[in-house]
Amino acid sequence: MTDTPLKLFNSLTRELEEFIPVHPGEARVYSCGPTVYNYPHIGNMRAYVFADILGRTLSWKGYDLTHIINITDVGHLTDDGDAGEDKMEKMAAQKAQSIWDIAKHYTEAYWADVKALNIREPAKWSVATDYIDEMIDFAKGIADKHCYELDSGLYFDVSTVADYGRLARAVTEEGEGRIDTVEGKRNAADFAIWRKTPAGETRQMEWDSPWGKGAPGWHLECSVMGEKLLGFPFDIHTGGIDHREIHHPNEIAQNQAFCGCGGLDEATHSGAKIWMHNNFLVERSGKMSKSSGEFLRLQLLVDKGYHPLAYRMMCLQAHYRSELEFSWEGLGAALTRLKRIVMAVERLKDAASGAPDHPKFAPLREKFAAAMADDLNTPIALVALEEALAVKKVDAGVKRAVIEEMDAVLGLGLVDLSRGDLRLRPRDATITEEEIEAELIRRKEARVAKDFTTSDAIRESLGEKGVEVMDGDPLGWDWKL
Ligand code: AMP
Ligand code: ZN
């Protein structure tokens, strides 16, 4: 099932490429992690569901995976160029708290979402502020040949490396799409690798450096942690598609400078062999922006009665390179689909697990493998799993083994889920599950006695409490809040 060669879309070449590891038998992956100045929104979490699917696929293919996800607790400005304030400093000032407390709180909140979405822990969560000395060393190594100093900091001159911006494919000589706010930059696309603390100011986070007190630029941390923890070149670098425009081209330029490498016709000069980007989760009403009061966090979904894994299901239903539009209806449909699968898997739970390689399942295991090997085509892989569940007249233990094998890649945790787990109580619900069940029994008795007045009255009174009774629900789901 795992022999189909794995093909992945490399954003750097804009082509599907076969995955051939740098170190035989291994896969080394770096994923740009969250900036922990606020709760992650569910769009951010799409990036980690994607990185998780990639990691699970590499493990399933038999590679020894080393996955790094960083935690950005310094350096990320409110604008991805060099304009604006430091996101962390800004939030700390707003909340009148220390940056370290802000970082701790939101890192933990992020980890809670990671867990709720069945995202596997990486080999290491690398925290940017743990690598300040290494960042200064890295910067010192490239400063002479590639950087220049201004009053505001040390800047990287993008004209000193070949093929700058190839990843973005949109950068012109004028640095299209950028805001050139820094006086004295040689090229509009030049970026800070060290930002000096302005005279007369103190920052909560600042360190001494050869260029004065200050803090590293955001792009520097990923170059440094990628190199330190995985070595250049490593196999795969991931991030959301926005990173294809500024953050990753800048990381690549730094990496080229560090290696003393030439142009990007040789992809490994970029520091990684393959650069992969997930497309965005979009939402029309703007609730995903962290600056608007209530934004779409995973907890909001849970408060409204949607199990977090319904959101994982929603992500899997789209290819990672397609835009995915969020809607509550779409999330509801994903939950229903997950419920159906979980109910079918529940029937297999008591069976002793068999061996999956039964001829009846061969074509579906093949279909699943081909889908995942084709640039992680989870929508088709999901269909293969559902078709496997529907196979008739086959030993339950064998079927269970096939489902477990597929689910190890999709990460829904099907065998551990029950129908009851998926029925969450919305936070504003005023009635308990026991009360609902008791009312439904009373209603059933009334219907048996053909007392439809009582039966309708119970239905109506439940409706007033936010419970929708679903007569004849094919899922046997009876009611929902
Ligand atoms: P940040 O915490 O802002 O650095 O973002 C964390 C990750 O989420 C990055 O990989 C971003 O590219 C990604 N990201 C941001 N917004 C979205 C979105 N709406 N959909 C999918 N990924 C996103
Ligand atoms: Zn990064």
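What counts and how
Residues numbered from 1 in each chain as written. Chains lettered and ligands numbered in written order. Predicted model: local features only at pLDDT ≥ 70, side-chain atom pairs only at ≥ 80, totals over all residues. Heavy atoms only, no water. Helix = DSSP H or I, 4+ residues; strand = E, 2+ residues; numbered from the N terminus. Contact = heavy atoms within 4.5 Å. Domains from an automatic or database assignment. Donors = N, O, S within 2.8 Å, 3.2 Å for Na, K, Ca; no water. Buried < 20%, exposed > 50% of the residue type's maximum accessible area, 1.4 Å probe, protein only. Disulfide = S-S within 2.5 Å. Lys, Arg positive; Asp, Glu negative; His and termini not counted. Salt bridge = Lys/Arg side-chain N within 4 Å of Asp/Glu carboxyl O. Polar contact = N/O pair within 3.5 Å; in protein donor to acceptor, adjacent residues only side chain to side chain. Near = heavy atom within 4 Å. Nonpolar A, V, L, I, M, F, W, Y, C, P; charged D, E, K, R; others polar.

A. Main features of the environment of V409. Secondary-structure assignment places V409 in helix α12 (residues 396-410). The spatial distance from the C-alpha of V409 to the C-alpha of L58 is 9.1 Å, given a sequence separation of 351 residues. Sequence-distant contacts of V409, defined by excluding residues within four places in its chain, comprise I53, R56, T57, W60, F368 and M372.

B. Summary view of the domain arrangement of the protein. For the protein, the assigned domains are domain 1 (7-148 + 156-172 + 218-282), domain 2 (304-421) and domain 3 (428-479). Distance from the C-alpha centre of domain 2 to the C-alpha centre of domain 3: 31 Å.

C. Representation of the coordination of the zinc ion (ligand 2). Around the zinc ion (ligand 2), the protein contributes the donor atoms C32 (SG), C222 (SG) and H247 (NE2), at 2.1 to 2.2 Å from the metal centre. In primary sequence terms, the donor set of the zinc ion (ligand 2) follows C-x189-C-x24-H. With C32 in the loop between β3 (26-31) and α1 (42-60) and C222 in helix α5 (residues 218-230), this pair connects stretches of sequence that are 190 residues apart. Of the residues examined, C32 reaches a relative accessible area of 7% and is grouped as buried. What makes C222 buried here is its relative accessible area of 2%.

D. Region of interest: unusual backbone geometry. With an omega of -15°, the peptide bond between F232 and P233 qualifies as cis. Considering the arrangement of structural elements, one finds P233 in the loop between α5 and β10 (234-240). Positioned with a positive phi, N118 is a non-glycine residue whose angle comes to about 60°. Of note, N118 is situated in the loop between α3 (99-116) and β5 (124-127). Residue N118 is classed as partly exposed on the basis of its relative accessible area of 23%.

E. Highlighting the state of the cysteines. This model, assessed by the stated rule, comprises zero disulfides. No disulfide involves C147; its sulfur sits 15 Å from that of C259, the nearest cysteine. Here C259 stays unpaired: no disulfide links it, and the sulfur of C261, its closest cysteine neighbor, is 3.4 Å away.

F. Quick peek at the side chain of D407. Looking at the element boundaries, D407 is found in helix α12. Within the buried set, D407 has no salt-bridge partner at all; the shortest N-O distance to an opposite charge, 6.5 Å, is to R56. Side-chain polar atoms of D407 contact the backbone nitrogen of L414, separated by 2.6 Å. Here D407 is in contact with R56, L385, L412, G413, L414 and V415, once residues within four sequence places are set aside.

G. Quick look at the site of ligand 1. Close contacts around ligand 1 come from 18 residues, with T35, G43, G240, D242 and L281 the closest. At 3.0 Å, a backbone N or O of G43 approaches a nitrogen atom of ligand 1. One nitrogen or oxygen atom from the main chain of G240 is found 3.0 Å from an oxygen atom belonging to ligand 1. When residues of the shell around ligand 1 are traced back to their parent elements, those giving at least two are α1 and β10. The element contributing the most residues to the shell around ligand 1 is α1, with four residues. For the shell around ligand 1, the residue count by class is six nonpolar, 11 polar and one charged.

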